[in-house]
Amino acid sequence: MSYIKKYNEILAQEIRQIVIEKQLNILIGSGCSAESMPLMSNYGDLDQDERNDRIIHDIIRISKLSLMTERVGIRARNTNIWKKVVKNQASYTKFVCCIVDLLNRANSRQVPRTANIFTTNYDLYIEMAVNKIQPHHRFVFNDGANGYFERILDSTNYNRVVAYKGLNDNYISEIPSINLIKSHGSVNWKIEEDNVIVLDKVYDSPMVVPPTGYESQKTFLNNYFHDMLRVFQLELDKPQSVLLVIGFSFQDQHIAKMINRALQNPELIVYVFVFRGQGNDIRKNLKREELPSNLKIILPSMIFSQPYIDSLLKEELVEKKEEIINSVTFNLDNLSEILLNPEFEIEITEDEKNEK
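Keep in mind that what you see is a predicted model, and the values were worked out from it rather than measured.

### Quick notes on the overall build of the chain
- Summing up its helical and strand segments, the chain has 14 helices and 15 strands in all.
- Split into buried and exposed, the 356 residues of the chain put 49% on the buried side.
- A total accessible area of about 18,500 Å² is found for the chain, and carbon and sulfur atoms account for 48% of it.

Here it is as structure tokens:
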């Protein structure tokens, strides 16, 4: 039995080191939830309004299922959708654990121990991950809501730093914190008079931006969504910042414009992780033929090591090598592995080697 490096060690270490040293921002798109949540492409034969209604309805339905956890019976746990929900939730939980670990390693005298997670997703996978791991890890979770029995959304709530004070007041240590900014709404947001109430359950008529391609108009006409995006822009304008983008192809043009504007900040570094292929759609949606030095599009063929890619190829498929390489995917689990351990290795048995 032998071991091979799964990832490009130099690139993985570079990413991890920058994440630890800089102010961490993460943009999570629908691709990260695609294991269990529908994408717009699933409703291609329907007209725009029908697609909007169907995708929101299905995300609400699956989100309710995901919140049921242990209450789901044995029969339901054997269903295909339940298995996908569990797998998706495990990926998010692993990722949030990873972020907390990185924040604990950061030097709070150089950068705040704060990670900002921006997402266009409506689902509650991040909130569920936080709920699962927070009893076992010391960190603060801030979703922008304030209140006890009635939690009201307010973007000014993101401007917080929480510290732990020694018993004898002899030291103060900043506690790692995660800010969650949901720029397109959430299945647990409810409009009530002039407020957005954040509920502890899925709401049947949630406050969300329909994924029509007209998000910019709807978002900026709404003060709450405008505030969420303003937080996003302000964070990217800060010095010594890094943005990790995963599961997102920049089809939302208002966010694409924000990224292009933010790239004028020379101290910002943006890593865009491509799920599959050559990332041509990302370049197209960003309207960039030439990439600035602080925008790095990371293809699966770049981040996975050549020995690992070779291990996926069998001799009889050599003529399809390029096709197979382009089919290799990079997901949220892969990003967690890189950030936790850039020297991650996998076992290759002798039988597996002989099959190649």
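Next comes the rest of the write-up.
### Here we look at the layout of surface pockets
- The volume enclosed by the largest pocket comes to roughly 1,300 Å³.
- Taken together, 47 residues line the largest pocket, and the ones lying closest to its centre are Ser30, Gly31, Cys32, Leu39 and Gly247.
- Broken down by secondary-structure element, the contributors of at least two residues to the lining of the largest pocket are α2 (48–68), α4 (80–105), α9 (280–286) and α13 (332–340).
- Grouping the amino acids of the lining of the largest pocket by side-chain chemistry returns 19 nonpolar, 20 polar and eight charged.
- Taken as a whole, the second largest pocket encloses approximately 1,000 Å³ of empty space.

### What to know about the environment of Ile10
- Relative to the helices and strands, Ile10 resides in helix α1 (residues 9–21).
- Judged by relative accessible area, Ile10 falls into the exposed class, the value being 69%.
- Measuring from C-alpha to C-alpha, the distance between Ile10 and Ser305 comes to 10.0 Å, with 295 residues separating the pair along the chain.

### Regarding a negative patch on the surface
- Where like charges cluster on the molecular surface, the negative patch consists of Asp47, Asp49, Glu50 and Asp53.
- Checked against the element boundaries, Asp53 lands in helix α2.

### Some remarks on empty space enclosed by the protein
- Inspection of every chain in the model, using the stated rule, returns two cavities of 30 Å³ or more.
- Volume-wise, the largest cavity comes out at about 50 Å³.
- Forming the walls of the largest cavity are Val19, Ile20, Lys22, Leu24, Leu102, Leu103, Ala106, Val111, Pro112 and Thr114.
- Classifying every residue of the lining of the largest cavity by side-chain character gives eight nonpolar, one polar and one charged.
- Approximately 40 Å³ is the volume attributed to the second largest cavity.
- Taken together, Ile28, Tyr92, Thr119, Asn121, Asp123, Ile126, Glu127, Leu180 and Lys182 form the lining of the second largest cavity.
- Of all elements in the fold, only α5 (125–133) and β9 (177–182) reach the threshold of two or more residues within the lining of the second largest cavity.
- For the lining of the second largest cavity, the residue count by class is four nonpolar, two polar and three charged.

### Structural notes on the confidence of the model for the chain
- Of the residues in the chain, 85% reach a pLDDT of 70 or more, and the chain-wide mean stands at 85.
- By mean pLDDT, the top-scoring element of the chain is strand β13 (residues 268–273) (98), and the lowest-scoring one is helix α14 (residues 350–355) (45).
- Contacts of residues 350–356 to residues separated by more than four positions or lying in other chains number 10 contacts, the stretch itself having pLDDT below 50.

### Some points on the nonpolar core
- Grouped together as the largest cluster of nonpolar side chains are 64 residues, with contacts concentrated most on Ile28, Ile99, Tyr271, Phe273, Ile303, Phe330 and Leu339.
- Sort the elements by how many residues they give to this core and α4 lands first, with 10 residues.
- Filtering out sequence-adjacent residues up to four positions away, Leu339 remains in contact with Ile15, Arg16, Val19, Phe95, Cys98, Leu102 and Leu244.
- Within the second largest apolar cluster, 36 residues are counted, among which are Trp189, Val196, Leu229 and Ile282.

### Focus: the packing of aromatic side chains
- Under the definition given, this model contains nine aromatic pairs.
- On the numbers, 6.4 Å between centres and 20 degrees between planes, the contact of Tyr271 with Phe273 is stacked. Of the two residues, Tyr271 and Phe273, neither departs from the other in class, the shared state being buried.
- Through a chain of ring-to-ring contacts, the aromatic side chains of Tyr7, Tyr271, Phe273, Phe304, Tyr308 and Phe330 assemble into a single cluster.

### As for the side chain of Arg16
- Looking at the secondary structure, you find Arg16 in helix α1.
- Of the side chains bearing the opposite charge, Asp101 lies closest to the buried Arg16, which forms no salt bridge; the N-O distance is 4.6 Å.
- In this structure the side chain of Arg16 is engaged in a polar contact, spanning 2.4 Å, whose partner is the backbone oxygen of Leu339.

### Quick notes on the pattern of salt bridges
- This structure, assessed with the given rule, holds 11 salt bridges.
- As a salt-bridge pair, Lys6 and Glu337 come within 3.5 Å of each other at their nearest N and O atoms. One end of the pair, Lys6, is in the loop between β1 (2–5) and α1; the other, Glu337, is in helix α13, with 331 residues separating them in the sequence.
- On the basis of relative accessibility, which here comes to 11%, the residue Lys6 falls in the buried class.
- The exposure class of Glu337 is buried, given its relative accessible area of 14%.
- Residues joined in a network through salt bridges with shared partners are Lys6, Lys94 and Glu337.

### So, the packing of α2 against α4
- Two elements in contact, α2 and α4, have axes whose closest approach is 10 Å; the angle formed by their N-to-C orientations is 70 degrees. Classified by the angle their axes make, α2 and α4 are roughly perpendicular. Note on element contacts: α4 touches α2 through Ile81, Trp82 and Val85, opposite Ile62, Leu65 and Ser66.
- Here the residues of the contact of α2 with α4 sort into five nonpolar, one polar and no charged.

Reading the values: the criteria
Residues numbered from 1 in each chain as written. Predicted model: local features only at pLDDT ≥ 70, side-chain atom pairs only at ≥ 80, totals over all residues. Heavy atoms only, no water. Helix = DSSP H or I, 4+ residues; strand = E, 2+ residues; numbered from the N terminus. Buried < 20%, exposed > 50% of the residue type's maximum accessible area, 1.4 Å probe, protein only. Areas by Shrake-Rupley, 256 points an atom, 1.4 Å probe, with all protein chains shown as cover. 1 Å grid on protein atoms, 1.4 Å probe; cavity = no way out; pocket = protein on both sides within 12 Å on 5 of 7 lines; lining within 4 Å. Points joined across faces, edges and corners; volume = space filled by probe spheres on them. Nonpolar A, V, L, I, M, F, W, Y, C, P; charged D, E, K, R; others polar. Patch = residues over 30% accessible without salt bridge, like charges linked within 9 Å, V, L, I, M, F, W, Y side chains within 5 Å. Salt bridge = Lys/Arg side-chain N within 4 Å of Asp/Glu carboxyl O. Lys, Arg positive; Asp, Glu negative; His and termini not counted. Charge placed at Lys NZ, Arg CZ, Asp CG, Glu CD. pLDDT = per-residue confidence, 0-100. Contact = heavy atoms within 4.5 Å. Core = buried A, V, L, I, M, F, W, Y, C linked by side-chain atoms within 4.5 Å. Phe/Tyr/Trp six-rings, centres within 6.5 Å; stacked < 30°, edge-to-face > 60°. Polar contact = N/O pair within 3.5 Å; in protein donor to acceptor, adjacent residues only side chain to side chain. Axes fitted to C-alpha atoms, helices over the stretch in contact; angles between N-to-C directions. Parallel < 35°, antiparallel > 145°, perpendicular 65-115°, else oblique.

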